[in-house]
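# Remarks on the overall topology
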Amino acid sequence: KATSAQYADLAEMYCADQNYPPGTVVDFGGSKEVTISAKSHSTAVAGIISTNPSYLMNSTLECENAVEVALVGRVPCQVVGTINKGDRLVSSSISGVATVLDNNQYQPGCIIGKALENYDSTEVGIIEVAVGRL
């Protein structure tokens with residue numbers, strides 16, 4: 001049994017509407033269990049599609065588009081806007097992309113995690129995020 005790994009997240013398999021690439025923010029919903037997040041500050045947020053999880057729950061799930069959703073740990077995430085290390089991240093109005101929390105729009109359940117890197121662009125990019133760190 002492994003007690004350590006070079007990867008840094010705990011993920012679970014879910015059936016998705018499509019096969020989404022790593023770094024995509026997903027919500028619970030759609031025609032399957034999860035779908036791409038398309039609403040700013042969504043409270044249905046499930047997590048981020050993992051690159052290569054250290055631990056994978058429900059690994060025997062069989063469906064057409066099984067995806068690994070990071071629930072806790074460090075993963076790359078698509079982001080947009082001005083983000084500073086430690087900022088709380090939420091889904092943005094751009095499908096599958098996270099952005100910094102607007103405190104005026106906060107609702108319990110909307111936070112994905114915290115930024116581990118700075119980012120500042122109106123173009124979509126990728127940074128590492130600590131998922132589940134509220």
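Everything that follows concerns the structure shown earlier in this document.
Figured I'd write up the structure that's included with this text. For clarity, every value in this text was computed on a predicted model and none was experimentally measured.

All right, on to the pairing of strand β4 (residues 45-49) then. Most of β4 is tucked away: 5 of the 5 residues are buried. One ladder, built from 3 bridges, connects strand β2 (residues 25-28) with β4; its direction is antiparallel. Bridge assignment links Val25 to a residue of β4, and that residue is Ile48. Note that β4 and strand β6 (residues 66-83) share 2 bridges and pair antiparallel. Across the sheet, the residue bridging to Ile49 is Val69, located in β6.

In this section: the packing of aromatic side chains. Two descriptors summarise a pair of aromatic rings, namely the distance from one centre to the other and the angle between the planes of the rings. Across all of its chains, the model carries 1 aromatic pair by this definition. Their ring planes at 75 degrees and their centres at 5.7 Å tell us that Tyr14 and Phe28 sit as a pair that is edge-to-face. Of this pair, Tyr14 sits in strand β1 (residues 9-15) while Phe28 sits in strand β2, and the two are 14 residues apart along the sequence.

With that out of the way, let us pick up unusual backbone geometry. Backbone geometry at His41 places phi at a positive 60 degrees, although glycine is not the residue there. Overall, the relative accessible area of 6% leaves His41 in the buried class. In this structure, Asn58 takes a positive phi of about 60 degrees despite not being glycine. Mapped onto the elements of the fold, Asn58 is located in the loop between β5 (55-57) and β6.

A complete count under the given rule lists 1 disulfide for this structure. A sulfur-sulfur distance of 2.4 Å marks the disulfide that ties Cys15 to Cys63. Its S-S torsion of about -120 degrees marks the bond between Cys15 and Cys63 as left-handed, since a negative value means left-handed. Of the two residues, Cys15 sits in strand β1 while Cys63 sits in the loop between β5 and β6, which places them 48 residues apart along the sequence. Left unpaired, Cys110 is separated from the closest cysteine sulfur, that of Cys77, by 14 Å.

It is worth spelling out the nonpolar core at this point. Within the largest apolar cluster, 16 residues are counted, with the highest numbers of intra-cluster contacts made by Ile48 and Val79. Counting only elements with at least two residues in this core, the list comes to β4, β6, β9 (111-115) and β10 (119-131). Excluding residues that lie within four positions of it along the chain, Val79 makes contacts with Leu89, Val97, Ala98, Tyr119, Glu123, Val124, Gly125 and Ile127. Membership of the second largest hydrophobic core comes to 9 residues, among which are Val26, Val34, Ala46 and Val69.

All right, on to the pattern of salt bridges then. Any two side chains of opposite charge can pair, on the condition that their charged atoms come close. Under the counting rule described, the total for this entry stands at 1 salt bridge. Note that Arg74 is salt-bridged to Glu128, the shortest N-O span being 2.6 Å. With a gap of 54 residues between them, Arg74 in strand β6 and Glu128 in strand β10 connect regions that are remote in the sequence. Arg74 sits in the partly exposed class, given a relative accessible area of 44%. A residue is classified by how much of its surface remains accessible, and Glu128, at 25% relative accessible area, is partly exposed.

Parameters at a glance
- Residues numbered from 1 in each chain as written.
- Predicted model: local features only at pLDDT ≥ 70, side-chain atom pairs only at ≥ 80, totals over all residues.
- Heavy atoms only, no water.
- Buried < 20%, exposed > 50% of the residue type's maximum accessible area, 1.4 Å probe, protein only.
- Helix = DSSP H or I, 4+ residues; strand = E, 2+ residues; numbered from the N terminus.
- Pairing = 2+ DSSP bridges.
- Phe/Tyr/Trp six-rings, centres within 6.5 Å; stacked < 30°, edge-to-face > 60°.
- Disulfide = S-S within 2.5 Å.
- Core = buried A, V, L, I, M, F, W, Y, C linked by side-chain atoms within 4.5 Å.
- Contact = heavy atoms within 4.5 Å.
- Salt bridge = Lys/Arg side-chain N within 4 Å of Asp/Glu carboxyl O.

Nothing here speaks to function; it is all geometry.
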